[in-house]
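Secondary and tertiary structure notes
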Amino acid sequence: MPGSTGIDTRAHYIGLMSGTSMDGIDAVLVTFDTGTVTVQGHTYHPWPQDLKNTLRRLSLPGENEIDTLGVADIEVAIEFSRAVFQLLKQTGFQPEQIKAIGSHGQTIRHRPDAVHPFTLQVGDPNHLAEQTGITVVADFRRRDIAAEGQGAPLAPAFHAAFLHHPAEERVILNLGGIANITVLPGNRDKGIIGFDTGPANTLMDAWSMRCQQRPYDQDGAWAASGHIQLELLERLLNADYFKQPAPKSTGPELFNLDWLEQRCHKISSYKPEDIQATLCALSIETITRAIGQYAPRCSRLICCGGGTANTFLMEQLGQRLKDITVEDTTRHGIPPDQIEATAFAWLAYQTVEGCFGNLPSVTGASHPVILGGIYQA
């Protein structure tokens, strides 16, 4: 793959990632050196509650959206810059030592199946470059959509570059708000597959917030206390998205509490903890079905993302996939909560060097493209 080898010695990049869970910003400072990647530092910067509420509102249709979006675009960039300065202070690097920032932005709408497909992220790269004095690479997804792709997932190109092993078929599982998998056959000629399997944490987080006023279910303890409602689970699994073939991508604009209530009928007839247990089962079932269908020879599942902290979910995955080694990315040199931000640092490198960043076999694009735009400091 262009750009996956021959990386310039000692190129320092920052990657910024805020995912569909909308918890906050992960920022990493990464050094690329002759085909290796080293995370020099990581920081987590939570969203201010008011801004988080605004971003959640913007992810669904509502009133006065354009003005709200315009303000949020700047406010997100301000928080991104704060995360960058926090990371620089922590690592001792100076802005002039950083080649570029790879900024994913915060997705507020993703419509790859619209009549005119589109995706929209906020976090104005102009303001980010101006405030940090560092060149910014951003708006990665729209070029892939312009090339008839889904615009997501993009991390599989990074997975292929740094987590592939010729002796085994691996699956990389990202457990964010949405779950996505990358299938890495030992033989690269067989092609790489990657797609969003459906919800990972987004429904569980939203239900936890509604019922317990907690942003997430700590260790999955609440889900573990409930009982799976099989009839409800079957109704949820019958959704059209799970029947669609890959490539495909989705987000909380589809998988949200309105979606749940439409399929739950009398939601008040269930115990809240039983619904949480069923939502956890939905994530596990859709992930394991996807692996069984698209990676039947998988011998190793490598997990990343915030969902790896959900002990109950990880235990249930391990029980369902007894013949597969289940581990997280720590064993491969990068902690699970830093993988996606590192991927966008690498995608920024690809763009700066004029190398392709997408995998058409993953996104469905008609051809490889150089992703994003460069905003010079």
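Within each chain, residues carry numbers counting from 1 in the order of the written sequence. Note on the predicted model: pLDDT of at least 70 is required for a residue's local features to be given, and 80 or more for side-chain atom pairs to be given and counted; whole-chain, interface and lining totals, by contrast, use all residues. Only heavy atoms go into the side-chain values, all of them from the structure, while hydrogens and water stay out.

Bringing the environment of Glu285 into the picture now. Put simply, DSSP marks the helices as runs of H or I at least four residues long and the strands as runs of E at least two long, and each gets a number from the N terminus on. Mapped onto the fold, Glu285 is located in helix H11 (residues 272–294). Think of it in three bands: residues with accessible area under 20% of the maximum for their type are buried, residues over 50% are exposed, and the middle band is partly exposed, with areas taken using a 1.4 Å probe on protein chains only. The buried category is assigned to Glu285, whose relative accessible area is 15%. Once the C-alpha coordinates of Glu285 and Ile74 are considered, the two residues, 211 residues apart in sequence, prove to be 39 Å apart. Whether two residues are in contact is decided by their heavy atoms, any of which lying within 4.5 Å being enough. When near neighbours in sequence (up to four residues on either side) are disregarded, Glu285 contacts Leu237 and Arg320. Two N or O atoms count as a polar contact when they lie within 3.5 Å, although within protein this holds only if one can serve as hydrogen donor and the other as acceptor, and sequence-adjacent residues are included solely when both atoms are side-chain atoms. At 2.7 Å, the side chain of Glu285 forms a polar contact with the side chain of Arg320.

The method works on a 1 Å grid over the protein atoms by themselves. A cavity is a set of points holding a 1.4 Å probe that cannot get out, a pocket is an open set with protein on both sides within 12 Å along at least five of seven lines, and residues with an atom within 4 Å of a point line them. Grid points are joined across faces, edges and corners, and a volume is the space filled by probe spheres set on the points. In the structure shown here, the tally under the stated rule is 1 cavity of 30 Å³ or more. Size it by volume and the largest cavity reaches roughly 30 Å³. In the scheme used here, Gly and all other residues not listed as nonpolar or charged are polar, with Ala, Val, Leu, Ile, Met, Phe, Trp, Tyr, Cys and Pro taken as nonpolar and Asp, Glu, Lys and Arg as charged. The residue inventory of the lining of the largest cavity, partitioned by class, reads 4 nonpolar, 1 polar and 1 charged.

Quick look at the sheet that holds strand E10 (residues 300–304) now. Strand order in the open sheet formed by 5 strands is E9-E8-E7-E10-E11, with mixed pairing between adjacent strands. Since the sheet does not close on itself, it has two edges, and those belong to strand E9 (193–199) and strand E11 (325–328), each with one partner. Taking the axes of each pair of neighbouring strands and ignoring which way they run, one obtains an average angle of 20 degrees across the sheet. Here, any two strands with at least 2 DSSP bridges between them count as paired. Where strand E7 (residues 170–175) and E10 come together, 5 bridges link them in parallel fashion. Each axis is a line fitted through C-alpha atoms, taken for helices only over the stretch in contact, and angles between the N-to-C directions span 0 to 180 degrees.

Turning our eyes to something else, we now look at the packing of aromatic side chains. Here is the rule: rings of Phe, Tyr and Trp (six-membered ring for Trp) pair when centre to centre is within 6.5 Å. Planes less than 30 degrees apart are stacked, more than 60 are edge-to-face, and the remainder are tilted. Taken as a whole, this structure holds 13 aromatic pairs when the rule is applied. When the centroid spacing of 5.0 Å and the interplanar angle of 45 degrees are considered together, the rings of Phe158 and Phe162 count as tilted. Taken together, the residues Phe158 and Phe162, both in helix H5 (residues 155–162) and 4 residues apart, mark about one turn of the helix. With relative accessibility at 1%, the residue Phe158 sits in the buried group. Cluster of aromatic residues (ring-pair linked, three or more members): Tyr241, Phe242, Phe255 and Trp259. Charge over a ring is defined by NZ of Lys or CZ of Arg lying within 6 Å of the ring centre and within 35 degrees of the ring normal. Stacked on the ring of Tyr241, the Lys or Arg Lys248 has its end atom at 4.5 Å from the ring centre.

It is worth spelling out the packing of helix H1 (residues 49–58) against helix H2 (residues 65–91) at this point. H2 packs onto H1 with a crossing angle of 135 degrees between their chain directions and a minimal axis gap of 10 Å. The orientation of H1 relative to H2 falls into the category oblique. In this structure, the crossing between H1 and H2 has a hand that is left-handed. Each of Leu51, Thr54, Leu55 and Leu58 in H1 lies in contact with H2, whose residues at this interface are Glu65, Thr68, Leu69, Ala72, Glu75, Val76 and Glu79. In terms of residue class, the contact of H1 with H2 is made up of 6 nonpolar, 2 polar and 3 charged. Angle categories are assigned with fixed cut-offs, so that under 35 degrees is roughly parallel, over 145 is roughly antiparallel, 65 to 115 is roughly perpendicular, and the rest are oblique. The crossing is said to be left-handed when, going from far helix to near helix, the turn is anticlockwise and less than a right angle, and right-handed when the turn is clockwise.

Below, the discussion takes up the nonpolar core. As used in this record, nonpolar core signifies buried Ala, Val, Leu, Ile, Met, Phe, Trp, Tyr and Cys residues forming a set joined through side-chain atoms within 4.5 Å. Leu173, Leu175, Trp259, Leu260, Ile275, Ile291 and Leu317 are the most contacted members of the largest nonpolar core, which totals 47 residues. For this core, the element with the highest residue contribution is H11, accounting for 9 residues. Beyond its immediate sequence surroundings of up to four residues, Leu173 is in contact with Ala179, Asn180, Ile181, Ile287, Leu301, Ile302, Cys303, Cys304 and Leu317. Residues Val28, Ile302, Ala341 and Ala348 belong to the second largest nonpolar core, which totals 36 residues.

What follows concerns unusual backbone geometry. Here the bond from Ala152 into Pro153 is cis, since omega is -15 degrees, no more than 30 degrees from zero. For the bond from Ala246 to Pro247, the omega torsion is 0 degrees, close enough to zero to count as cis. Tracing the backbone shows Pro247 in the loop between helix H9 (240–243) and helix H10 (257–264). Positive phi is not limited to glycine here, since Gln213 has a value of about 55 degrees. The class of Gln213 is exposed, set by a relative accessible area of 57%.

Mapped onto the elements, Ala200 comes out in the loop between E9 and helix H6 (202–212). Note: C-alpha distance between Ala200 and Ser21 (179 residues apart in sequence) is 9.5 Å. Excluding residues that lie within four positions of it along the chain, Ala200 makes contacts with Leu175, Gly176, Gly177, Ile178, Ala179 and Ser283.

Here we take up the packing of H6 against H11. Their axes nearest at 9 Å, the elements H6 and H11 cross at an angle of 170 degrees. Of the possible angle classes, the one that applies to H6 and H11 is roughly antiparallel. On the side of H6, the interface is formed by Leu203, Met204, Trp207, Ser208 and Cys211, while H11 contributes Pro272, Ile275, Gln276, Leu279, Cys280, Leu282 and Ser283. Tallied by class, the residues present in the contact of H6 with H11 amount to 9 nonpolar, 3 polar and no charged.

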